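Summary of the model geometry
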Amino acid sequence: MVGEKNTEVNEIIRVMNQIHGIDISMYDESFLLKSLRKRWIATGVKTAAAYPRYLEENSTEAAGFYNSLNINYSEFFRNPLTFALLEQWILPKLISQKAVGGEIRVWSAGCSSGQEAYSIAMLLDKLTTSGAKPIRVRIFATDTSQSALALARDGVYDKNTVQNVRLKELHNYFTAKGDTYTIASRLRERVNFSTYDLLDQSSANPPESIYGDFDIVFCSNLLFYYKPDIRHSILQKVQHSMSGMGYLVTGEAERAFVEKIDRLQLVAPPAAIFQIKKM
Ligand SMILES: C[S@@+](CC[C@H](N)C(=O)[O-])C[C@H]1O[C@@H](n2cnc3c(N)ncnc32)[C@H](O)[C@@H]1O
């Protein structure tokens, strides 16, 4: 049974590469299998085994299959426990460790349409403007999806998208117009959105950030799409971009992947927040 599954997935990887020129070999096998099931049902192909043939003959479906692998779903304050810990404990601690005039650097890696970057921007704005200590905040948010980045830069969300935002933050950081909510320009100016592929071997961090040294790196809800060795290389990259005291935040379902990395340790179980181990 397992062998059969491997055959179909391998066949799809081959067809996408050889016929359509798209490399999907970096994706996790069970993720590819789930996508394969969804697509063969959606296309009305009779069996999963017949789908690779259909894909071979149909370039529109190849584009559809590839699109189904690029999942851009995001939420404001996704993983409420993680954001509560950031707000109550980690950010106040980071601020207290910074010198007057110092800088807090954040990277939202795989930021999609910007909700993660704007969520941390709201918390940092609140904590750095209410405190006596002036601290600069720089947030770099990157993705490979141009359409997601365009939405992020616009910062216009519909009312369903902002339902996790507390009323106070909604009032302070958004302008409501009809059913849409637009991010305040002072928050938008704090976030630098740019294109960056986490699989890019030629750079250690987004060029816009010049150097890494991030106090917080979000690498959330994208690791589970990749096969283990690719996940590992993404985690190596983000680890090297963190400051010595920096934090890595992943999706809760991805915690187990990071727990396998020797140099990283959970700092606030059960939330998926990690720090580099002190040797
Ligand atoms: C499911 S969304 C998660 C968004 C956000 N981090 C969150 O947790 O809500 C995954 C995002 O990761 C991006 N992504 C996937 N692989 C990437 C890569 N190799 N480099 C940069 N971004 C990537 C996708 O384009 C997508 O926007």
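To be clear, the structure that these remarks concern was listed above.
Described in the following lines is the structure provided in the data block. Since the structure is predicted, the reported quantities are computational estimates derived from the model, not experimental observations. (Residues numbered from 1 in each chain as written. Predicted model: local features only at pLDDT ≥ 70, side-chain atom pairs only at ≥ 80, totals over all residues. Heavy atoms only, no water.)

**Here's the deal with the overall build of the protein**
Counting its secondary structure elements, the protein contains eleven helices and ten strands. For 279 residues, the compact-globule estimate of 2.2 N^0.38 gives 19 Å, and the C-alpha radius of gyration of the protein, at 20 Å, lies within 12% of that figure. Here the C-alpha coordinates of the protein stretch approximately 65 × 55 × 35 Å along the principal axes. Within the protein, the proportion of its 279 residues that are buried is 49%. Summing over all exposed atoms, the protein offers an accessible surface of approximately 13,600 Å²; the carbon and sulfur share of this is 53%. Charged side chains of the protein number 32 positive and 30 negative; the gap between the two group centres comes to 5 Å. (Helix = DSSP H or I, 4+ residues; strand = E, 2+ residues; numbered from the N terminus. Rg over C-alpha atoms; globule rule 2.2 N^0.38 Å. Buried < 20%, exposed > 50% of the residue type's maximum accessible area, 1.4 Å probe, protein only. Areas by Shrake-Rupley, 256 points an atom, 1.4 Å probe, with all protein chains shown as cover. Lys, Arg positive; Asp, Glu negative; His and termini not counted. Charge placed at Lys NZ, Arg CZ, Asp CG, Glu CD.)

**Re the environment of Ser145**
You can see Ser145 is positioned in the loop between strand E2 (136-143) and helix H7 (146-154). Sequence separation between Ser145 and Gly110 is 35 residues; the distance between their C-alpha atoms is 8.8 Å. A distance of 3.2 Å separates a polar atom in the side chain of Ser145 from a polar atom in the side chain of Ser147. (Polar contact = N/O pair within 3.5 Å; in protein donor to acceptor, adjacent residues only side chain to side chain.)

**A closer look at the layout of surface pockets**
What the largest pocket holds in volume is close to 790 Å³. Lining the largest pocket are 42 residues, and of these Ile71, Gly110, Asp143, Leu222 and Tyr225 sit closest to its centre. The set of elements that each furnish at least two residues to the lining of the largest pocket consists of helix H4 (59-69), helix H5 (80-97), helix H6 (115-130) and E2. Of all the elements, H6 adds the most residues to the lining of the largest pocket, at three residues. Split into classes, the residues belonging to the lining of the largest pocket amount to 20 nonpolar, 16 polar and six charged. Of the domains in this structure, domain 1 (2-69) and domain 2 (80-156 + 183-276) are the two that each give at least three residues to the lining of the largest pocket. (1 Å grid on protein atoms, 1.4 Å probe; cavity = no way out; pocket = protein on both sides within 12 Å on 5 of 7 lines; lining within 4 Å. Points joined across faces, edges and corners; volume = space filled by probe spheres on them. Nonpolar A, V, L, I, M, F, W, Y, C, P; charged D, E, K, R; others polar. Domains from an automatic or database assignment.)

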